[in-house]
Amino acid sequence: MLKKQRQRFTSGRLIGYILSLLFGLIFLISSDSAFASIAPEPPIPTTAIEWEQQYARIPDWSQITFRTLPPVSSGGSFSAPPEASEAIGYDLSREWQAGQTTDTYLKLGDFQTSLYPQIFNLHTIADLKGLDLRQVALSSLEMADWQTVNDLTTAIPGLSNLPVRQVGPIAKLWSDATLGQNLDLSDSIGDALTALPELGQLNLGQLGDRLINFAITDIPGLENIPLQNLQDWENSTISGVPGLSDVPLAQMPNPIEAVGSLGRVDVVYGPAEQDRTNTISGSNQVGFEAACQTDCAHAELTASPTLHGKQWISGKYQEVEGGEGFLKVVNGGKEPTGRHPFGDVFKVAVWDTDEASGTISTALFFRICQRGGLVSPDLGCTPYFLGPVPFLNYQEKSFMLVGPLDDRGGASQPESVPTGVMEKARAMGIPISALPGGDSFIGGFGLCGEGPGGVDFSALAAAFSSIEGNYGSVGSYVCDGDGNCGRGLGRYQYMSYRSDVRASLRQQSGGVALLSKLDSGAAISQPELERAFPAAAQDNIFKADQGRNIQQAQREGFFGKRLIERAGQIHFGGPAAPIDGGASDVHGRLTLKTYGEELAQQYETAVAAGTGKRCEPSNALGKELPAGEANQRIYQSMGRLGSFDSSMGPDGGNLACAWAVNRVLADAGIQPLGSNPNYVPSVEADLQGGRGTQVNQTQAQAGDIVIAGSQAHIGICLNQGCSRVRSNSSSRARFTWESNSNFDGFYGRASSRIYRLKP
């Protein structure tokens, strides 16, 4: 039987043992210290994805909401330029504290062209989260606080028809204001507004704490309208919409998705690294191969030949140029370097790196946006600087999603309205033209220009007019199957309950009062309609709407004459109209099939008569056409081309400003400018070398050429005095950006130079 032997130590062995313990302790301390430089990964639900027989953890967006995203690590603030807040009517400024969750400081407007939360209505959110809106206080809807009665009657079709007493919050608001005098609660809201128009300017916030005594459902119809119908919806925080904070990001109207390549973290390097040029990190402004000179902490990747040796630089140490438009100047125009493997909702940055443990952490950064819609200005977006929000950690030999290796840093879609969003919007009765970025076919030049498939908008408008009426036509009062009631208005008979029509009417003097009459079914006169819904407004909606109808018809496989027929059927019966269907409207004169056939016949007649060739720009941009022949041809060319796509230009449209101007000149039959027509300094050298004459802004006319003082951009004057300029939008790759003559200060403070082409 073996006996246990007690270990015996000599003094030498004892000293050696103690030293080994000390070295072990030192190693453990060093190791713990190394790991301490990387914060523990926050509790983010993850799932596994597979790519070429390799697996990686990615966030499980079906379980992640704005409320459950990790809190922001550090506080900050943003003071909006006064002119920006003045332009949109509310303060864009923001302040956040360390420990706040994203839903408490991020707003709906920040995601209006990424997640599109504004498409939701309260009923849909309540269904997703199991809420009973009868039990949800009206005060919990943050944007209710600043809605006036006029705003509500504009946003909610039919509300003005209801008796005042049936809408408790309005009845209480008005009773307080009038002390019960001259207010008959049995009158309709519309009649009360006609008698006392000043009541329409009162807002629900004036009820103060008493707003909690009313439920969402105490304003009939409020739960069924898209959030974007409400005034200044962009200014509401995510948490200010009941239930929205808890909607998984995978269930947003434009859900977050994971697409693209996986990269394996091969080696982790600390900030002592310098001069790294083989990168895949950067920004939308500088591209995603931004070099790093100093403090180049990074993760070196591998897994495929295209990724082998690529460096994702830490955004904690390197900032790059970011943002776009007017808001680009925020945060000094800088944002952490990084990528967009999950789209434009946020930016992913490698953050802390630890060589000893071979570990990196990542962080998310958000931005503030104010995109242009049907009636709002496009101020662009700030750089991605709201953060850091702690994200996933990775170790050497583990895989991480880097997204497609495209020129957008892995973002899965361009900055245009995604097809899925368009389909959801139309299913909810939201015209695409009412979405931010959905006005791509509004060229600003009336009906000039071509739509998808080469369709002549002017000829198509004439064809519709031959069936529907003129700009002053008023249709019968009818209701659709969803209970929306109103009248067809104008040349194209767009229904008065459409959100884009209502938004347009609201901007005109007398428009709110007219909406009340339209909702009630009261008769309106042609002069009333033409004052509140002028021809230019009708044409803008038509151009955007028909552009989308034509695109749908193209996706369905139609072309030529049949393309026009199908576009007519969609106009007549909506996007879900069956092809060549036999259904008719209340008048019973035309079916879907015969409406399309008549439209196609009238279109051919208009084209043969040269309606499109005679198309001239609308006076909306200038009081009269310029006198110079070259200017006139340039101006008319802009009208024909409209907001054309520049993605065929340099860098996919990102560096296409000179290319776009020369495209307009070519369409006008004018020889392009510049020995290098894609390079602004070369274009200006040609103008100074005899092709043009420099003019003062006071003498400028539509069609003159405008060059930024830094020679970084070029555009074309839209009106006399050149207070408005159109140029290429890098972020949208379209000739659609409208600015002042100095491009809204985007390219520095130096004044632009204006040239007139010589005949």
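None of the values given here were measured: they were computed from a predicted structure.

## Notes on the overall build of the protein
Line of reasoning, step 1. Within the protein, the secondary structure is distributed over 17 helices and 24 strands.
Line of reasoning, step 2. By the burial criterion, 54% of the 759 residues in the protein qualify as buried.
Line of reasoning, step 3. Restricting to contacts in the protein with at least 6 residues of sequence separation, those with at least 24 account for 66%.
Line of reasoning, step 4. Carbon and sulfur atoms make up 49% of the accessible area of the protein, which totals about 31,800 Å².

## Details of the sheet that holds strand β21 (residues 714-717)
Line of reasoning, step 1. Strand order in the open sheet formed by 6 strands is β19-β24-β20-β21-β22-β23, with antiparallel pairing between adjacent strands. Of all strands in the sheet, those with a lone pairing partner are β19 (692-695) and β23 (734-739), marking the two edges. Taken pair by pair, the neighbouring strands of this sheet meet at an average axis angle of 35°, ignoring direction.
Line of reasoning, step 2. Note that strand β20 (residues 705-707) and strand β24 (residues 753-757) share 3 bridges and pair antiparallel. Its bridge partner being in β24, V706 is matched across the sheet by I754.
Line of reasoning, step 3. Contacts from helix α17 (residues 680-691) reach β19, β20, β21 and β24 within the one sheet, and its direction differs from that of β24 by about 55°.

## Quick notes on the nonpolar core
Line of reasoning, step 1. Of all hydrophobic cores here, the largest spans 95 residues; its most connected members are W174, L222 and F366.
Line of reasoning, step 2. If you look at the next biggest cluster of nonpolar residues, it comprises 36 residues, including L460, A461, L505 and I541.

## Quick word on the pattern of salt bridges
Line of reasoning, step 1. Taken as a whole, this structure holds 25 salt bridges when the rule is applied.
Line of reasoning, step 2. For R562, the salt bridge identified is with D580, shortest N-O distance 2.9 Å. Residue R562 is located in helix α13 (residues 560-573), and its partner D580 is located in the loop between α13 and α14 (592-608); the two are separated by 18 residues in the primary sequence.

## Some thoughts on the state of the cysteines
Line of reasoning, step 1. Summed over all chains, the structure comprises 4 disulfides.
Line of reasoning, step 2. Between the sulfur atoms of C369 and its disulfide partner C381 the distance amounts to 2.1 Å. Handedness of the C369-C381 disulfide follows from its S-S torsion of about 110°: it is right-handed. Here C369 is found in strand β12 (residues 369-370), whereas its partner C381 is found in strand β13 (residues 380-381), with 12 residues between them in sequence. One exposure class covers both C369 and C381, and it is buried.
Line of reasoning, step 3. Between the sulfur of C479 and that of C485 lies a disulfide, 1.9 Å long from S to S. Linking C479 and C485, the disulfide has an S-S dihedral of approximately 105° and is accordingly described as right-handed.
Line of reasoning, step 4. You can call C479 partly exposed: its relative accessible area is 47%.
Line of reasoning, step 5. Residue classification places C485 among the buried positions, given a relative accessible area of 18%.

## Considerations on helix α12 (residues 535-555)
Line of reasoning, step 1. Here α12 spans 30 Å end to end across 21 residues, near enough to the 30 Å set by a 1.5 Å rise per residue.
Line of reasoning, step 2. Just downstream of α12, G557 is the residue with a positive phi angle, here 100°.

## A few points about the sheet that holds strand β10 (residues 347-354)
Line of reasoning, step 1. A sheet is described by the order of its strands in space; here 3 strands give the open sequence β10-β11-β14, paired in antiparallel fashion. Only two strands of the sheet have a single neighbouring strand rather than two, namely β10 and β14 (386-395). Across the sheet, the mean angle separating the axes of adjacent strands is 30° when strand polarity is ignored.
Line of reasoning, step 2. Bridging between strand β11 (residues 359-366) and β14 involves 6 bridges; their strand directions are antiparallel. Paired with I360 across the two strands is Y394, which belongs to β14.

## Points about unusual backbone geometry
Glycine aside, negative phi is the norm for most residues, and most peptide bonds take the trans geometry.
Line of reasoning, step 1. Of the consecutive residues G387 and P388, the connecting peptide bond is found in the cis state with omega at 0°.
Line of reasoning, step 2. Tracing the backbone shows P388 in strand β14.
Line of reasoning, step 3. Its identity is not glycine, yet Q493 carries a phi of approximately 55°, on the positive side.
Line of reasoning, step 4. A relative accessible area of 19% places Q493 in the buried class.
Line of reasoning, step 5. With a phi angle near 55°, F743 is a residue other than glycine that sits in the positive phi range.
Line of reasoning, step 6. By the element assignment, F743 lies in the loop between β23 and β24.

## A short note on the environment of V265
Line of reasoning, step 1. Relative to the helices and strands, V265 resides in strand β5 (residues 261-269).
Line of reasoning, step 2. Taking the C-alpha atoms as reference, V265 lies 4.8 Å from L301; in sequence the two are 36 residues apart.
Line of reasoning, step 3. If we skip the residues at most four places from it in the chain, V265 touches A299, E300, L301, I360, Y394, Q395, E396, K397, S398 and M400.

## Some words on the packing of aromatic side chains
Here a ring pair, both rings aromatic, is described through the centre-centre distance and the interplanar angle of the planes.
Line of reasoning, step 1. A full pass over the atoms with the stated rule returns 24 aromatic pairs.
Line of reasoning, step 2. Considering the side-chain rings of Y492 and F542, the 4.1 Å spacing of their centres and the 20° angle between planes classify their relative orientation as stacked. Separated by 50 residues along the polypeptide, Y492 in the loop between β17 (485-489) and β18 (494-495) and F542 in helix α12 bring together distant segments of the chain. Of the two residues, Y492 and F542, neither departs from the other in class, the shared state being buried.
Line of reasoning, step 3. Between the aromatic rings of F743 and Y747, the centroid separation amounts to 6.2 Å while the plane-to-plane angle is 85°, which identifies the pairing as edge-to-face.
Line of reasoning, step 4. One aromatic cluster is present, built from ring pairs that chain together W61, F66, F111, F342, F346, F366 and F391.

## Brief notes about the packing of helix α8 (residues 457-468) against α12
Line of reasoning, step 1. Between α8 and α12, the least distance of the axes is 11 Å, while the angle of their chain directions is 95°. Considering the angle they form, α8 stands roughly perpendicular to α12. Touching F457, L460, A461 and F464 of α8 are F542, K543, Q546, G547 and I550, all from α12.
Line of reasoning, step 2. When its residues are assigned to classes, the contact of α8 with α12 shows 6 nonpolar, 2 polar and 1 charged.

## What about the confidence of the model for the protein?
Line of reasoning, step 1. Across the protein, pLDDT averages 83, with 87% of residues at or above 70.
Line of reasoning, step 2. For the protein, helix α1 (residues 11-36) is the element with the lowest average pLDDT, namely 34, and β20 is the one with the highest, namely 97.
Line of reasoning, step 3. Contacts from residues 1-36, a stretch scored under 50 in pLDDT, to residues over four places away or in other chains number 9 contacts.
Line of reasoning, step 4. Taken together, the stretch residues 440-445 has pLDDT below 50 and engages in 29 contacts with residues farther than four places along the chain or on a different chain.

Scoring rules and cut-offs
- Residues numbered from 1 in each chain as written.
- Predicted model: local features only at pLDDT ≥ 70, side-chain atom pairs only at ≥ 80, totals over all residues.
- Heavy atoms only, no water.
- Helix = DSSP H or I, 4+ residues; strand = E, 2+ residues; numbered from the N terminus.
- Buried < 20%, exposed > 50% of the residue type's maximum accessible area, 1.4 Å probe, protein only.
- Contact = heavy atoms within 4.5 Å.
- Areas by Shrake-Rupley, 256 points an atom, 1.4 Å probe, with all protein chains shown as cover.
- Pairing = 2+ DSSP bridges.
- Axes fitted to C-alpha atoms, helices over the stretch in contact; angles between N-to-C directions.
- Core = buried A, V, L, I, M, F, W, Y, C linked by side-chain atoms within 4.5 Å.
- Salt bridge = Lys/Arg side-chain N within 4 Å of Asp/Glu carboxyl O.
- Disulfide = S-S within 2.5 Å.
- Expected span 1.5 Å × (residues − 1).
- Phe/Tyr/Trp six-rings, centres within 6.5 Å; stacked < 30°, edge-to-face > 60°.
- Parallel < 35°, antiparallel > 145°, perpendicular 65-115°, else oblique.
- Nonpolar A, V, L, I, M, F, W, Y, C, P; charged D, E, K, R; others polar.
- pLDDT = per-residue confidence, 0-100.

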